[in-house]
Amino acid sequence: MSEARLMQGNEAVAEGALMAGVRFFGGYPITPSTEIAEGMAKMLPKVGGNFIQMEDEIASMGVVLGASLAGRKVLTASSGPGISLKQELIGYAAAAEIPVVIVNVQRVGPSTGQPTAPSQSDVMQARWGTHGDHPIIAVSPWSVREAFELVVRSVNLSEQFRTPVILLMDEIVGHLREKVELPDEVEVYPRRRPKKTRAEGYEPYAPDDDLVPNIADFGEGYHIHVTGLIHDETGFPVGSPKVTEDAIRRLHQKIERAVDDIVKVEEIFMDDAEYAVVSFGGTARTAYEAVVEARERGINVGMLRLITIWPFADKAIYDLASRVKGMLVVELNYGQVVNEVRRAANGRCAVELCAKYNMQIFEPEEIEEAIDRMIEKIERGGDRITDGRSVHVEVISHD
């Protein structure tokens, strides 16, 4: 381990990216993610890497995809408005299977919203921001150290599955400063390499046993055609219903068959819990304090922290719903994850929402009050949510 350092979450992302092998960053400054670009600009030249500030977010996304195709491990970072501009090329990366990590340090929206205010309102954008049927992996850290760890994991996942991975940060963690000790080295997934030569009939999009193709980097002597159009194993477009079906199914199945390894959650105080709080990212820190204080008052409440946001933790939520009377979903938005929890719980327990979206982070007391209200409602026989269309919202919004 290195010496202990006082480090910001955004700084930890830059440090972790370099340790994971990232050697190219293309971006455009935007609050509250700018410190990531600043860190990469400072450190990349020292390790033989390249930093370039592009004219906008669209160009930034294009340049990192080009660098990835040429063999570099790449990173770009932005916030909600910039991520919106990147969407077409995120879809291109999914279709063309180009490894890339996109950091979104979330802030209040929509539009330019409140540029420096904390929010977790880009959860659904991360999953469905680009058009068409496509898979996505997104993870969310709750500490500075975990920001470091999850950017390393994001780079490895993007390389393993040749897919875009979104590090779904929030301003809370991005600008948080904590004492951290970083490892001297980390496990790094290498860039996949072709297993056949051109003479042996190499086809760039022929899937390996794990359904992921071993596409050669540009400049290695292979003939490679890259397109966002639906293509066959040669990489060239084919206007065939069967090829289209097979291509889209494979994109999904390469992630689905590994979902148990990709999805990570953390259970806290769940051994004797009758109720559970579900949260993620920076908000989970406050939710943890609320759970601790509630337990000190004799309430058997635990916590499930979502580390992987997409694919969603369906199995963990379904299992949890059979063990508790109710779940309180705490998120810094109008209510996005709560409906995924309701879907996954499938009516096995009550699911309530504790939402906040007024530029301010939660106070533990606010979440404690929501826990008490949930318990009171359940104990007096409140309706169980059995239909995804039935939405009960508890909104906390203090001036």
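Residues numbered from 1 in each chain as written. Predicted model: local features only at pLDDT ≥ 70, side-chain atom pairs only at ≥ 80, totals over all residues. Heavy atoms only, no water.

### A short note on the nonpolar core
Counting 53 residues, the largest nonpolar core has V278, L306, I317, M327 and V341 as its most contacted members. Judged by nonpolar contacts, the second largest core, of 33 residues, contains L18, V22, M40 and L75. (Core = buried A, V, L, I, M, F, W, Y, C linked by side-chain atoms within 4.5 Å. Buried < 20%, exposed > 50% of the residue type's maximum accessible area, 1.4 Å probe, protein only.)

### Section: the confidence of the model for the chain
Overall, the predicted model of the chain reaches an average pLDDT of 95, with 95% of residues at or above 70. The model gives residues 384–399 a pLDDT under 50, and that stretch makes 35 contacts with residues more than four places away or in other chains. (pLDDT = per-residue confidence, 0-100. Contact = heavy atoms within 4.5 Å.)

### Points about the side chain of H231
Looking at the element boundaries, H231 is found in the loop between β9 (177–180) and α8 (241–256). Take H231: its relative accessible area is 9%, and that puts it in the buried class. Side-chain polar atoms of H231 contact the backbone oxygen of L229, separated by 2.8 Å. Those residues in contact with H231 that sit more than four places away from it in its chain are A95, A96, Y205, F236, P237, V238, V243 and A247. (Helix = DSSP H or I, 4+ residues; strand = E, 2+ residues; numbered from the N terminus. Polar contact = N/O pair within 3.5 Å; in protein donor to acceptor, adjacent residues only side chain to side chain.)

### Examining the packing of helix α1 (residues 9–19) against helix α2 (residues 34–43)
Helix packing for two helices is described by the angle between their axes and how far apart those axes are. The geometry of α1 relative to α2 is characterised by a closest axis approach of 8 Å and an angle of 40 degrees between their N-to-C directions. By the angle class used here, α1 and α2 are oblique. Handedness of the α1/α2 crossing: right-handed. Here N10, V13, A14, E15, A17 and L18 of α1 come into contact with α2, specifically with E35, I36, G39, M40 and M43. (Axes fitted to C-alpha atoms, helices over the stretch in contact; angles between N-to-C directions. Parallel < 35°, antiparallel > 145°, perpendicular 65-115°, else oblique. Left-handed = near helix turned anticlockwise from the far one by under 90°.)

### Some details on the pattern of salt bridges
If you walk through the whole model with that rule in mind, you get 31 salt bridges. Between E340 and R343 there is a salt bridge, and its shortest N-O distance comes to 2.7 Å. With E340 and R343 both in helix α12 (residues 337–345) and 3 residues apart, this pair spans about one turn of that helix. The class of E340 is buried, set by a relative accessible area of 15%. (Salt bridge = Lys/Arg side-chain N within 4 Å of Asp/Glu carboxyl O.)

### Here we look at the layout of surface pockets
Considering only enclosed or pocket space, the largest pocket measures out at about 460 Å³ in volume. As for the largest pocket, its lining consists of 20 residues, and the residues nearest its centre are V259, V263, P311, F312 and D314. Only α8, α9 (259–262), α11 (314–321) and α12 provide two or more residues apiece to the lining of the largest pocket. Here the lining of the largest pocket is composed, by residue class, of 11 nonpolar, 1 polar and 8 charged. Each pocket or cavity is described by its volume, and for the second largest pocket that value is around 310 Å³. When residues of the lining of the second largest pocket are traced back to their parent elements, those giving at least two are α4 (80–96) and α8. Counting residues per element, the lining of the second largest pocket draws most heavily on α4, at 6 residues. (1 Å grid on protein atoms, 1.4 Å probe; cavity = no way out; pocket = protein on both sides within 12 Å on 5 of 7 lines; lining within 4 Å. Points joined across faces, edges and corners; volume = space filled by probe spheres on them. Nonpolar A, V, L, I, M, F, W, Y, C, P; charged D, E, K, R; others polar.)

### Describing the pairing of strand β8 (residues 164–170)
Counted residue by residue, β8 has 7 buried out of 7 residues, so it is predominantly covered. Residues P164, I166, L168 and D170 of β8 are buried on one face, and the alternating residues V165, L167 and M169, pointing to the opposite face, are buried as well. Taken together, the 7 bridges between strand β5 (residues 100–108) and β8 define a ladder with parallel strand orientation. From the neighbouring strand, V103 faces β8, where its bridge partner is L167. Relative to β8, strand β7 (residues 137–139) is paired through 3 bridges, and the arrangement is parallel. From the neighbouring strand, V139 faces β8, where its bridge partner is L167. (Pairing = 2+ DSSP bridges.)

### Notes on the packing of helix α3 (residues 57–69) against α4
Across the interface, α3 lies against α4 with an axial gap of 8 Å and an inter-helix angle of 30 degrees. The pairing of α3 with α4 is recorded here as roughly parallel in orientation. For the crossing formed where α3 meets α4, the hand is right-handed. Seen from α3, the contacting residues are E57, I58, S60, M61, G62 and L65; seen from α4, they are G82, L85, K86, L89, I90, Y92 and A93.

### Things to note about the state of the cysteines
Disulfide: a covalent bond connecting the sulfur atoms of a pair of cysteines. Enumeration according to the criterion identifies 0 disulfides in this entry. The thiol of C349 is not disulfide-bonded; the next cysteine sulfur, from C354, is found 16 Å away. Given the relative accessible area of 0%, C354 is considered buried. (Disulfide = S-S within 2.5 Å.)

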